[in-house]
Amino acid sequence: QVQLVESGGGLVQAGGSLRLSCAASRSIFNFNGMAWHRQAPGKERELVADITSGGTTNYADSVKGRFTISRSTAKNQVYLQMSSLKPEDTAVYYCAATTIRGAYNYWGQGTQVTVSS
């Protein structure tokens, strides 16, 4: 059973930065890709950023230029560096991983990010 554990969420003022971490219980080389999603109150979960096994990254338009996804294969961790945060970035952020085509089949428990105006 794969476990993904997020950390690093919290309360930050608009314009500030946070770095989220996701620790995997197995080598991240086992995954086809990993990603960060978020879900704001009353909204559907959305993809924020992903990184393939080959290291290719992809971002939602709303976070391009502000967020950076990266990974440490030595530590089996994936990170989301968030800068220039806005109140609309407030959400629960989830780490996800996939070993199948077309969907993420492993999820973390989520970490709350709150951006105050």
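Residues numbered from 1 in each chain as written. Predicted model: local features only at pLDDT ≥ 70, side-chain atom pairs only at ≥ 80, totals over all residues. Heavy atoms only, no water.

A. The arrangement of the pattern of salt bridges in detail. Taken as a whole, this structure holds 4 salt bridges when the rule is applied. Measuring nitrogen to oxygen at the nearest pair gives 3.1 Å for the salt bridge that ties Asp61 to Lys64. Among the residues examined, Asp61 registers a relative accessible area of 65% and is labelled exposed. Residues joined by salt bridges that share partners form a network here, namely Arg38, Glu46, Arg66 and Asp89. (Salt bridge = Lys/Arg side-chain N within 4 Å of Asp/Glu carboxyl O. Buried < 20%, exposed > 50% of the residue type's maximum accessible area, 1.4 Å probe, protein only.)

B. Spotlight on the state of the cysteines. Overall, the coordinates contain 1 disulfide when judged by the stated rule. A sulfur-sulfur separation of 2.0 Å characterises the disulfide bridge that pairs Cys22 with Cys95. Between Cys22 and Cys95, the disulfide has an S-S torsion of -75° and is therefore left-handed. With Cys22 in strand β3 (residues 18-24) and Cys95 in strand β9 (residues 91-98), the pair connects residues that are 73 residues apart, well separated along the chain. (Disulfide = S-S within 2.5 Å. Helix = DSSP H or I, 4+ residues; strand = E, 2+ residues; numbered from the N terminus.)

C. Focus on unusual backbone geometry. One non-glycine residue, Asn76, adopts positive backbone phi at about 55°. Looking at the element boundaries, Asn76 is found in the loop between β7 (67-72) and β8 (77-82). With a phi close to 50°, Ser84 is a non-glycine residue in the positive phi region. Looking at the element boundaries, Ser84 is found in the loop between β8 and β9.

D. Focus on the packing of aromatic side chains. Per the counting criterion, the structure on display carries 2 aromatic pairs. Seen in terms of ring centroids, Tyr104 and Trp107 are 6.3 Å apart; in terms of plane orientation they differ by 70°. Their pairing is edge-to-face. For Tyr104, a relative accessible area of 25% gives the class partly exposed. Over the ring of Tyr79 we find Arg19, and its NZ or CZ is 4.0 Å from the ring centre. Arg45 extends its terminal NZ or CZ atom over the ring of Tyr94, reaching a point 4.0 Å from the ring centre. (Phe/Tyr/Trp six-rings, centres within 6.5 Å; stacked < 30°, edge-to-face > 60°. Lys NZ or Arg CZ within 6 Å of the ring centre and 35° of its normal.)

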